[in-house]
Amino acid sequence: MSLHYGEPQVALGAVFAAIALALGVAFAVIGLQAGTDVSVERVHRIGYRLRSRWLAFLVVVGVLVLGISFFALPYPSGASGERTVVQVASGQFFWTFTPPSVPAGTRVRFDVTSVDVNHGLGLYDPHGRLVGSVQAMPGYHNRLDLTLDDPGRYVVRCFEYCGLNHATMFGSFRVTPR
Amino acid sequence: MEATTAPVGIPAVLHPRAAEFTRAGARALERRIGLLYLGTGVALVAAMGVLGVLMRLDQATVVGISQAWFYRLMTLHGAGMLTGLLVAMMGALWYVLRETVPLRAGRMLAAYALIAAGALAVVVATLPGGFAGGWTFLPPLPFYPAGQWSTWSEAAFLAGMGAVGLGFGVFCVDVVEQATARHGGLAGTLGLRFLLGRDAEPPPPQAVAATVVAIDGLAAASAGMAILAGLLCRTYDAGVAFDALVAKNLVYFFGHTAANLVIYLAAGALYVLVPRYAGRPYATTKVFVAGWMGSFAFILTAYSHHLYMDFVQPEWAQVTSSIVSYAALLPVAVITIYSMTMLVWGSRYRWTLASTLLYVGFAGWAIGGVGAVIDSVIPFNFRLHNTVWVVAHFHTYLMLAVVVWALAFLAHLLEWDSDRTVSARSRAATVGLLLAGGYGLTGTWFLAGALGVPRRYALQPAGTSGYSLAGSVFALVFALGFLLFLIQVAPLARTAWERRGERRGPGPEAAEPARPAERRVPLETGLQLAVGTAVAVVAVAAFTPQVRDAAEAGAGWHHLAHSGQFLLGGALGLVLGSLPAVSRRLGDRSSLGLSAVLAAPAAMMLVMIPRVYESLEAHPAEHALFHAGMAALGLVAGLGATRLGPVAGRLTLALAVAMTVLYAAAVTGGGG
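Residue indices begin from 1 for each chain and proceed along its sequence in written order. A letter from A marks each chain and a number from 1 marks each ligand, given out in the order of writing. At least 70 in pLDDT is required for a residue's local features to be given in this predicted model, at least 80 for side-chain atom pairs to be given and counted, and no such filter applies to totals for whole chains, interfaces and linings, which use all residues.

Asks: Describe the overall build of chain B, and please don't skip the residues or the numbers.
Replies: In this description a helix means any DSSP run of H or I spanning at least four residues, a strand means any run of E spanning at least two, and both kinds are numbered starting from the N terminus. If you tally the helices and strands in chain B, you get 24 helices and zero strands. Two things to know: the radius of gyration comes from C-alpha atoms, and the globule rule equals 2.2 Å times the number of residues to the power 0.38. Taken over the C-alpha trace, chain B has a radius of gyration of 25 Å; the compact-globule value for 672 residues is 26 Å, and the two agree within 12%. Expressed along its principal axes, the backbone C-alpha trace of chain B runs to roughly 80 × 65 × 45 Å. Neighbour counting defines burial: a residue surrounded by 20 or more other C-beta atoms within 10 Å of its own C-beta is buried, one with 12 or fewer is exposed, and intermediate counts give partly exposed, using backbone-placed C-beta atoms. Each of the 672 residues in chain B was classed as buried or not, and the buried ones make up 64%.

Right, dumping it as structure tokens:
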């Protein structure tokens, strides 16, 4: 299965590229003007005024982005309830899913653990787009709630370095059509 | 019109106004140790960079490396690169801090020896030994080698990393001890007294930065020592086991914080060196102090964003980490980087090889920081965690900021000593290659990370080798820039060597930094001695039958009781060593004191294994002696701490006790 860009990742990449470009331009402009002669008083007058606005801007962006992000946390809440629990066990270098498939549209709770070292469950949808990841830890059960609407084969790759065959530690989970 | 000739004592290669606030010349000692550290750091970075290029070429299937060797190289690359950058930045900070703070050359050489021994052990463990557990050695992976490495290489790697941590710790203790003695205690050195209006004169910015880095560095090194000691115990006692979540917290608290601190170490040097080319001094202001106090806390608390995808970590901790990770951006973006651009803008900046690299490093820090902040928002992290996006962002601020600054610091020393720089064309070629190669390489990782390519893969997912191939080409371009840098500075080094006899001597203001007139102890007043005694009395509880019985509930509780016994000894040692009569007898044995406060908790943790104490349980007298031994080690640590002055003494003993408590939390195996 070849990988494809997911929409959230494309959006994040575009935002990052835009900010990086803006920063690059800002540093280039300041660098080009570094050779000029500006009095320290003027630098302070302009610089300190802009700094307050820069701080205010960063605080507002932070409050907005983090505030919204707290409504979209991937953590499970409450008991499994009507969710179908899929037990996921991992080890050097395998994945097992019990049950191995669910019907499309099922509200799933992955109950993920490891029998040896730390692994990471990286879940790709049938189109090869990364849905998300959760760690598999020995002695702990990490629970990930998802609703899988697209039928097909979901591929799992290991997302935590676990030794020799880390890069080939595949698994798969099937979502059947309703 | 500015003068075109520099005043006597200041090289003409610097900004003419730099003479107004720059000391005429570093003493030979400062320069030699600075060069030793920077030279070693840059050499290590170069060697580890070669491994990095090899790995990228392997991912692109241009060269063929077995998976076993790929992961050995990956482990060495991570550990070695962090060590190289740490060493380079320690050298840079030493060089600028020693202008005002009497740091000890002996301590720097001891730290160097420890780090060199540690680095050698890591090389032996990975290359011939085959250890490939990753530089983060995430427990319990070192003990699941899948047939790839043996116990001795585990032990060599862990001991090596421990030695590197100890070396850094030695440097940090000296910074705390000497800076606080020089600048009127902790509140004075951090600028808090200035912030509150109690001091008219602020401490120099590099002293504030160095003290924050040193204290945070000691905290991180303590966590690292605790988990490394536990892992070392496991190499000779299979009964030792770990709580995976606590162990992961400790590993990332140590690893993330150490990697993060290399940038803050550099910041301390930047406050001194950039002004030399901008001709404007960097002054400590109240906003600056407030910003660094924020960084003080944020550096220590941001690490747990590495555990976002460990859903069993309490949600409040995840949300707090998300806020703190963003907040950490503010002092950097609003104070350090922003104020550096104010320093440079319209300054008639002197563009030399060093000053150009210093400036472009700020862009690397800022752009890499944006990539990190995006990854630190939890829903975004859900889709980027452990993809090569992570590799992209940390390579952006390590390669394009810290590595570039390491080269800049080295170039600065050589430009100063040779009083010349390279031609504008050579400078443009060098910097151009470094930037094109560096941003090209990290750009391929950002793209592949957004695509969902996982990190630390010897074999890349089907259809993605193009990213690795493009990355390899860019990595080679960066390597070419690095090589060109070395070729460019070689003539400067030659000139500097030829001019060593006529080197400008230090001016009158460059006298040896004043050493404190009298040795002070951690507990000076009657109240402080009473508090120390009270702590010892409370800690006696660790010996009571009730606590001993309760501690049999599990290995963790048992180890915690040992910590209580260590605390009793430590508090007693601190009180006794602080008494004037005892202190006079102990004398000024600072190095011995430091050795004691480092070695005693290490020894305690290394013998705290089921194989030792379980065999004693059938023998009450020996068992009691074992517990008394824990207190005795505490006593040694406490007495040693009294030789380190008020701030470093209390801090190192507190961290020694904390280390044993962290060990108790992480190491769960064995009987009670």
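And the narrative resumes.
Asks: Tell me what's going on with the overall build of chain A, and back it up with residues and numbers.
Replies: For chain A, the count of helices and strands is two helices and nine strands. Of the regular secondary structure in chain A, the N- to C-terminal order runs α-α-β-β-β-β-β-β-β-β-β. Here the C-alpha radius of gyration of chain A, 23 Å, is well above what a compact globule of 178 residues would show, namely 16 Å. Principal-axis analysis of the C-alpha atoms gives chain A an extent of 70 × 40 × 35 Å. Relative to its full complement of 178 residues, chain A shows a buried share of 29%. Intrachain contacts of chain A at a sequence separation of at least 6 include 66% that bridge at least 24 residues. By definition, residues are in contact whenever their C-beta atoms, placed on the basis of the backbone, come within 7 Å of each other.

Asks: I'd like a rundown of the sheet that holds strand S8 (residues 152–158) of chain A, residues and numbers included.
Replies: Residues and elements named next belong to chain A. If you trace the five strands from one edge of the open sheet to the other, you get S3-S9-S8-S5-S6, paired in mixed fashion. The sheet terminates laterally at strand S3 (101–103) and strand S6 (130–136), the two strands that pair on one side only. Strand after strand, the sheet turns through a mean of 25° between neighbouring axes, direction not considered. Of the pairings in the sheet, the one linking S3 to strand S9 (residues 170–176) comprises three bridges and is parallel in character. Paired with Pro103 across the bridge in S9 is Thr176. The rule for pairing is simple: two strands pair if DSSP sees at least two bridges between them. Note on method: axes are straight lines fitted to C-alpha atoms, helices fitted across the in-contact stretch only, with angles between N-to-C directions ranging 0 to 180 degrees.

Asks: Quick one: what's the story with the domain arrangement of chain B, residue by residue and with numbers?
Replies: Much of the literature gives interface size as the accessible area that the parts lose upon coming together. All names here are of chain B. Boundaries between domains were set according to an automatic or database domain assignment. Structurally, chain B comprises domain 1 (27–293), domain 2 (350–497) and domain 3 (526–666). Put simply, the middle of domain 1 and the middle of domain 3, counted by C-alpha atoms, are 27 Å apart. Counting from both sides, the interface comprises 30 residues of domain 1 and, opposite them, 21 residues of domain 3. Among the secondary structure elements, those contributing two or more residues to the side of domain 1 that touches domain 3 are helix H4 (151–182), helix H5 (185–189), helix H7 (205–236) and helix H8 (244–278). When residues are sorted by character, Ala, Val, Leu, Ile, Met, Phe, Trp, Tyr, Cys and Pro go into the nonpolar class, Asp, Glu, Lys and Arg into the charged class, and all the rest, Gly among them, into the polar class. Of the residues contributing to the side of domain 1 that touches domain 3, the split by class is 21 nonpolar, six polar and three charged.

Asks: Residue-level account of the pairing of strand S2 (residues 94–98) of chain A, with values.
Replies: Residues and elements named next belong to chain A. Of the strand pairs in this sheet, strand S1 (residues 84–91) and S2 are connected by five bridges, and their pairing is antiparallel. Paired with Val88 across the strands is Phe97, a residue of S2. Counting the residues between successive antiparallel strands, the hairpin from S1 to S2 contains two residues.

Asks: How would you summarise the interface of chain B and chain A if you had to cite specific residues and measurements?
Replies: Opposite the 65 residues of chain B that make contact, chain A presents 70 residues. Among the elements of the structure, helix H2 (67–97), H8, helix H10 (315–327), helix H11 (329–344), helix H12 (353–375), helix H13 (378–384) and helix H15 (424–451) of chain B are those that each provide at least two residues to the side of chain B that touches chain A. Residues of the side of chain B that touches chain A, tallied by class, amount to 46 nonpolar, 13 polar and six charged.

Asks: I'd like a description of the packing of H11(B) against H12(B), backed by residues and values.
Replies: Residue and element names in this part refer to chain B. For the pair H11 and H12, interaxial distance at closest approach is 11 Å and the crossing angle is 160°. Taken together, the axes of H11 and H12 are roughly antiparallel relative to one another. In this structure, H11 meets H12 at a crossing whose hand is left-handed. Where H11 approaches H12, its residues Leu329, Val332, Ile337, Met340 and Val344 are matched on the opposing element by Tyr359, Phe362, Trp365, Ala366, Gly369 and Val373. Looking at the contact of H11 with H12, its residues break down into 10 nonpolar, one polar and no charged. An angle below 35 degrees is read as roughly parallel, one above 145 as roughly antiparallel, one from 65 to 115 as roughly perpendicular, and any other as oblique. Should the near helix be turned anticlockwise from the far one by less than a right angle, the crossing is left-handed, and should it be turned clockwise, the crossing is right-handed.

Asks: So what about the sheet that holds strand S7 (residues 142–148) of chain A? Which residues, and what values?
Replies: Sheets are built from strands that pair by backbone hydrogen bonding, the pairs being arranged parallel or antiparallel. All names here are of chain A. Spatially, the four strands line up as an open sheet ordered S2-S1-S4-S7, and their pairing is mixed. Each edge of the sheet is formed by a strand with only one pairing partner; in this case those strands are S2 and S7. With strand direction ignored, the average angle separating the axes of adjacent strands in the sheet is 25°. Note that strand S4 (residues 106–114) and S7 share seven bridges and pair antiparallel. Bridging across to S7, Phe110 finds its partner in Leu144.

Asks: Describe in detail the confidence of the model for chain B, supporting the description with residues and values.
Replies: Residues and elements named next belong to chain B. Here chain B averages 92 in pLDDT, while 95% of its residues score no lower than 70. pLDDT: the predictor's confidence for each residue, scored from 0 to 100. When mean pLDDT is compared element by element in chain B, H15 scores highest at 98, while helix H18 (residues 545–550) scores lowest at 79. Long-range and interchain partners of residues 1–7, a stretch whose pLDDT sits below 50, account for 10 contacts in this model, where long-range means more than four residues apart. Both scores are given for the predicted complex: the pTM is 0.94, the ipTM 0.97.

Asks: An account of the environment of Phe110(A) is needed here, citing residue identities and associated values.
Replies: Residue and element names in this part refer to chain A. Examined against the element boundaries, Phe110 turns out to sit in strand S4. Taking the C-beta count within 10 Å as the criterion, Phe110 has 24 such neighbours and is therefore assigned buried. Counting along the chain gives 27 residues from Phe110 to Arg83, while the straight-line C-alpha distance between them is 9.5 Å. Residues contacting Phe110, with those up to four places away along its chain left out, are Val86, Val88, Val134, Arg143 and Leu144.

Asks: So what about the domain arrangement of chain A? Which residues, and what values?
Replies: Assigned domains of chain A: these are domain 1 (7–69) and domain 2 (84–176). Relative placement of domain 1 of chain A and domain 2 of chain A: their C-alpha centres are 40 Å apart.

Asks: Summarise unusual backbone geometry; cite the residues concerned and give the values.
Replies: Omega for the peptide link from Thr98(A) to Pro99(A) comes to 0°, which places this bond in the cis form. Position of Pro99(A) relative to the elements: it lies in the loop between S2 and S3. A cis amide bond, omega 5°, links Pro139(B) with the succeeding residue Pro140(B). Examined against the element boundaries, Pro140(B) turns out to sit in the loop between helix H3 (105–126) and H4. Positive phi is not limited to glycine here, since Thr61(B) has a value of about 60°. Mapped onto the elements, Thr61(B) comes out in the loop between helix H1 (28–59) and H2. Backbone geometry at Ala146(B) places phi at a positive 50°, although glycine is not the residue there. Relative to the elements of secondary structure, Ala146(B) occurs in the loop between H3 and H4.

Asks: How would you sum up H1(B)? Please name residues and give values.
Replies: Compared with the 46 Å implied by 1.5 Å per residue over 32 residues, the 46 Å span of H1(B) between its first and last C-alpha is a close match. Positive phi appears at Thr61(B), one or two residues downstream of H1(B), with a value of about 60°. By this rule, a helix spans an expected 1.5 Å times one less than how many residues it contains.

Asks: I'd love a proper account of the environment of Ala163(B), names of residues and values included.
Replies: All names here are of chain B. Inspection of the secondary structure assignment puts Ala163 in helix H4. With 291 residues separating them in the primary sequence, Ala163 and Pro454 have C-alpha atoms 31 Å apart. Residues within four places of Ala163 in sequence aside, it is in contact with Leu114, Ile115, Ala117, Gly118 and Ala121.

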